[in-house]
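Letter by letter, the chains look like this.
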Amino acid sequence: MSQDRTLRPGARRAGAALLAGLAVLDLAWIVRDFSKATDVTDAWWMWSGLIFRAQDGIWASSFVEPTLLVLYTVCTVTVVVSSAARGILVSTGVLTILLRVPTLWNLNASWVQSGVSDGLRLKVLFSAIAMLVIAAAVIVLAVAGRRGVPPGSPGTGTTRDEAPARPTRAGGVAACVLLTLVAAVLVSWEIHSATEQGWELYSQHFTGDRALATLLAVPESWYGSALALVSLYAAGAALTRAPHSRPLGMTVSGPLLGLGLFRLSFAAKSGLLGGFGQLAARDQLWLCTAVFEILAALGVLLALAARHGDADGREPHSGTIRAFSSA
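Residues numbered from 1 in each chain as written. Predicted model: local features only at pLDDT ≥ 70, side-chain atom pairs only at ≥ 80, totals over all residues. Heavy atoms only, no water.

Q: So what exactly am I meant to see when it comes to the nonpolar core here?
A: A general feature of soluble globular proteins is that nonpolar side chains tend to end up buried together. Counting 69 residues, the largest nonpolar core has Leu99, Leu215 and Tyr223 as the members making the most contacts within it. No other element matches the ten residues that helix H9 (residues 220-240) contributes to this core. In terms of nonpolar packing, the next biggest core, distinct from the first, is built from five residues, Ala267, Leu279, Trp286 and Leu287 among them. (Core = buried A, V, L, I, M, F, W, Y, C linked by side-chain atoms within 4.5 Å. Buried < 20%, exposed > 50% of the residue type's maximum accessible area, 1.4 Å probe, protein only. Helix = DSSP H or I, 4+ residues; strand = E, 2+ residues; numbered from the N terminus.)

Put into structure tokens, the structure is as follows:
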């Protein structure tokens, strides 16, 4: 008999601890930048892409850190109680690896070494390596800590012991459409940037070579391409209503929502929103993209929130009343 997979209790606790560790590392660099800011709000505007100088001239964090901090915090709590714990761990681990890998080669580049003290550079490098190791451990734990749940198993009275819930048919289709559009928009911007800038300049924005404002920043085009790749895979998973489609789609919505929010924050601080009609067509499209990213992320979260079998408030196999639903 085929089985769906969930996590053993010990694996859940270990997974939550690892995700908490990732959150602590991000929080540490955020706090460090707060201490170097003339005003705490300077760090926020720096994350948004505006030029605000740190007291020592060097920022460590970017908008990725607060975005991932929120994601890790939510996932740490959810993985303990959710039937989709395996999907949450794998999705978060993969996303972390994709977004942290560029830090390894950028911190070892000569242009960073010549402008940053060895002490700070090594701290950031070891932190990035620790994040990658923890992310890999999270994925291994999700694979090694699984246990089978027979189809239709009523579990032990808690949703975390049930088979992972699939999205509803309507929710799966809606999430697929939104995630596909997200991938298409992100890829379109990358094609536009490559065409407009030429390969030499575009490649720097992709790899981060001499193009990063902070030590932990993810290269702009790398970030967009990574999100497009994961979004496209998540779209396919949502369409087929795979067991991991809900946690995957919800997880990728976090970085997408962060991207849109900080872009909109930049626009608001720069006064672009008030003069939208006077902006060039490209800038108008850029602002519309930021709004779309926010709405799409929220739409995916809403579409995947409903679990298959919840529409009538009953378990599809056991017939018992469900008191509440969880991710």
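Q: Would you mind showing me how to read the packing of helix H7 (residues 169-197) against helix H11 (residues 281-305) here?
A: Angle between the axes and distance between the axes are the two parameters that describe a pair of packed helices. Relative orientation of the contacting elements H7 and H11 amounts to 155°, with a least axis distance of 9 Å. Considered as vectors, H7 and H11 are oriented roughly antiparallel to each other. As for the relative orientation of H7 and H11, their crossing is left-handed in sense. Together, Gly171, Ala174, Ala175, Leu178, Leu179, Leu181, Val182, Val185, Leu186, Trp189, His192 and Glu196 of H7 and Arg282, Leu285, Trp286, Thr289, Phe292, Glu293, Ala296, Gly299, Val300, Ala303 and Leu304 of H11 make up the contact between the two elements. A per-class count over the contact of H7 with H11 returns 16 nonpolar, four polar and three charged. (Axes fitted to C-alpha atoms, helices over the stretch in contact; angles between N-to-C directions. Parallel < 35°, antiparallel > 145°, perpendicular 65-115°, else oblique. Left-handed = near helix turned anticlockwise from the far one by under 90°. Contact = heavy atoms within 4.5 Å. Nonpolar A, V, L, I, M, F, W, Y, C, P; charged D, E, K, R; others polar.)

Q: Would you take a moment to explain the side chain of Ser265 for this structure?
A: Among the secondary structure elements, Ser265 is positioned in helix H10 (residues 245-270). Among residues more than four places away in sequence, those in contact with Ser265 are Trp44, Trp45 and Ser48.

Q: In this structure, what is going on with empty space enclosed by the protein? I would like to understand it.
A: With a probe scaled to a water molecule rolled over the atoms, the places where space remains empty come into view. Throughout the structure, instances matching the rule amount to one cavity of 30 Å³ or more. When its volume is computed, the largest cavity comes out at roughly 40 Å³. Taken together, the elements giving at least two residues each to the lining of the largest cavity come down to helix H4 (85-107) and H10. Considering only residue class, the lining of the largest cavity consists of five nonpolar, two polar and no charged. (1 Å grid on protein atoms, 1.4 Å probe; cavity = no way out; pocket = protein on both sides within 12 Å on 5 of 7 lines; lining within 4 Å. Points joined across faces, edges and corners; volume = space filled by probe spheres on them.)

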